[in-house]
Each structure stands twice: as structure tokens, then as C-alpha cells.
Amino acid sequence: MSCFISSGVALGCSDGIGGIKKIYVLGSTGATASVTGVTYSGASVSAPITGITGDGTWYSFELKRNTSSLAQNTTKNFENGTIYWEQVLTAVLFKYDQDKRNILLELGLNDKLKVVAIDQNDTQYYLGQVNGMYLSGGSAATGTAFGDRNGFELVLTGQEAKPASVVDGDLATIFAAGGFSVA
């Protein structure tokens, strides 16, 4: 792989918006859930993902606007010649209840979560593709005043050799074609 770029970036329009509106987390109603393969739209892993195969169920979490985010932080050690990207997804779930508490507990036990996050621009990011994501922090809070948030903040973290790939296409179709169910 070359260490030299082959194109630049144009300024473009100011038409992007921030935030994450929905995430899918791979889980299972049985004993296993796994991704066994990924298909790219081109000959390179630099191309967008067009297929994900495996088994399990992708569970959707709908998020309110202006509450959840994704950051991909670059960490490079010049002296050691290493570089990786830390993926940090913060998802806010409203209203503390027993079902959400139980989901939080299960997420906390899994250190190899696979996640697809959809931002407000409808860009779909596949997080934890190689090493998985894990619940690294968060909180469950009732708030104090009537207007305070009552619910959960989940912080999922992963470290990957490359930034997250974009998934191109309708997720329901991609998941179904890959052998998954969606809930």
C-alpha cells in the first residue's frame, strides 16, 4: 500500500448536519451472533461496503436528534510507527425502565459488539468491524428537575486499524441478504 495520496478534497457545499439518528447492534436470540464476511463495492477495502454476511439479529435503537454522536479519533505514535482509529459512539436512550436496564447489562458483558450507526446525513458507518466495540462508559440517571433527562447514556468504544467503512445501500436488504434478521 502506498503512503501517498492520489487526490485532494474540494471545499464543497455547507450541507452536512451533525448527530446520530439510529444504531443497529448485532445480537442473538440464541447462543451466537457473528459476521462471517463483508463485500465491498470495488476491488479494495477502501470501497464502500455493499454486503455483510453472518448470523444473528441486528437490533435497532432509535435516537432523538441532537443527543447522540460518533467520533473517530486518530492515534499515531510517530516513534513506534503505529496508528489506529478509536471509534467512540455515544447513544442516549430516554426513560429509565427495566427493559433498557437489561439491554445495558447485556451490552456491558460483550467485548466484541458489531454496530452500524446512521448519521443525520444518512451515512451508515460499520463500527467495530475487525476488533469489535465494547461498552466503555455511560450512565443511568433520573435527573433532578422535571425538564432533566431520565434515561441512559451509552458510550461504546472500539479501536481499529482503519476508520469505519461506509455501508452503501438499504440496510434491511443488506442484512436480509446476509442471513440476518432485523428487530
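Residues numbered from 1 in each chain as written. Predicted model: local features only at pLDDT ≥ 70, side-chain atom pairs only at ≥ 80, totals over all residues. Heavy atoms only, no water.

Engineer: Before we go on, may I ask you to explain helix α1 (residues 98–109) in this structure?
Structural biologist: Since the α-helix turns once every 3.6 residues, residues separated by three or four places project in the same direction. For α1, spanning twelve residues, the distance from its first C-alpha to its last is 17 Å, which sits close to the expected 16 Å at 1.5 Å a residue. If you check the start of α1, you find a side-chain oxygen 3.2 Å away from the backbone N of D99, and it comes from D97. (Helix = DSSP H or I, 4+ residues; strand = E, 2+ residues; numbered from the N terminus. Expected span 1.5 Å × (residues − 1). Polar contact = N/O pair within 3.5 Å; in protein donor to acceptor, adjacent residues only side chain to side chain.)

Engineer: Quick question: what am I supposed to make of the pattern of salt bridges here?
Structural biologist: Opposite charge on two side chains allows them to pair when their charged atoms are near. With the rule as written, the count across this model stands at three salt bridges. Two residues, K21 and D122, come together in a salt bridge whose shortest N-O distance is 2.4 Å. One end of the pair, K21, is in strand β1 (residues 20–27); the other, D122, is in the loop between β7 (115–119) and β8 (124–127), with 101 residues separating them in the sequence. On the accessibility criterion, K21 (28% relative accessible area) is partly exposed. For E153, the salt bridge is made with R149, and the minimal N-O distance between the two is 4.0 Å. (Salt bridge = Lys/Arg side-chain N within 4 Å of Asp/Glu carboxyl O. Buried < 20%, exposed > 50% of the residue type's maximum accessible area, 1.4 Å probe, protein only.)

Engineer: I would appreciate a short explanation of the sheet that holds strand β5 (residues 69–77) in the present structure.
Structural biologist: Two pairing modes exist for strands in a sheet, parallel and antiparallel, and in both the strands are linked by backbone hydrogen bonds. Taken together, four strands build an open sheet; the order of strands is β5-β6-β10-β9 and the sheet is antiparallel. Every other strand in the sheet has two partners, leaving β5 and β9 (134–141) as the edge strands with one partner each. If you compare each strand with its neighbour and ignore which way they point, the axes differ by 15° on average. In this fold α1 packs onto β6 (82–94), β9 and β10 (151–160), with an angle of close to 20° to the strand it touches most, β10. (Pairing = 2+ DSSP bridges. Axes fitted to C-alpha atoms, helices over the stretch in contact; angles between N-to-C directions. Contact = heavy atoms within 4.5 Å.)

Engineer: Whenever I open this one, unusual backbone geometry confuses me. Can you help?
Structural biologist: As a rule of thumb, non-glycine residues mostly have phi less than zero, and peptide bonds are mostly trans rather than cis. Here N66, not a glycine, exhibits a phi torsion of approximately 65°, which is positive. Tracing the chain through its elements places N66 in the loop between β4 (57–62) and β5. According to the relative accessible area criterion, N66 is exposed, its value standing at 73%.

Engineer: Is there a simple way to think about the pairing of β6 in this case?
Structural biologist: As paired elements, β5 and β6 share nine bridges and run antiparallel to each other. Among the inter-strand pairings, T74 is bridged to a residue of β6, identified as W85. Where β5 folds back on β6, the antiparallel hairpin that results is connected by four residues, among which G81 adopts a positive phi of roughly 70°. Note: β6 against β10, ten bridges, orientation antiparallel.

Engineer: What is the right way to read the environment of G179 from this model?
Structural biologist: Turning to its location among the elements, G179 is positioned in the loop between α2 (171–177) and β12 (181–182). On the basis of relative accessible area, G179 is assigned to the partly exposed category, the value being 49%. Spatially, the C-alpha atom of G179 lies 5.9 Å from that of G54, the residues being 125 residues apart in sequence. Residue contacts for G179: discarding those within four places in its chain leaves G54 and D55.

Engineer: Sorry if this is basic, but what is going on with the side chain of Q87 here?
Structural biologist: Counting through the fold element by element, Q87 comes out in strand β6. Overall, Q87 belongs to the buried group, its relative accessible area being 1%. Of the polar contacts made by the side chain of Q87, one reaches the backbone nitrogen of G128; its length is 2.9 Å.

Engineer: Help me understand the environment of V38, please; the structure alone is not making it clear to me.
Structural biologist: Note that V38 resides in strand β2 (residues 34–40). Sequence separation between V38 and G178 is 140 residues; the distance between their C-alpha atoms is 9.2 Å. If we skip the residues at most four places from it in the chain, V38 touches I49, G51, Y126 and Q129.

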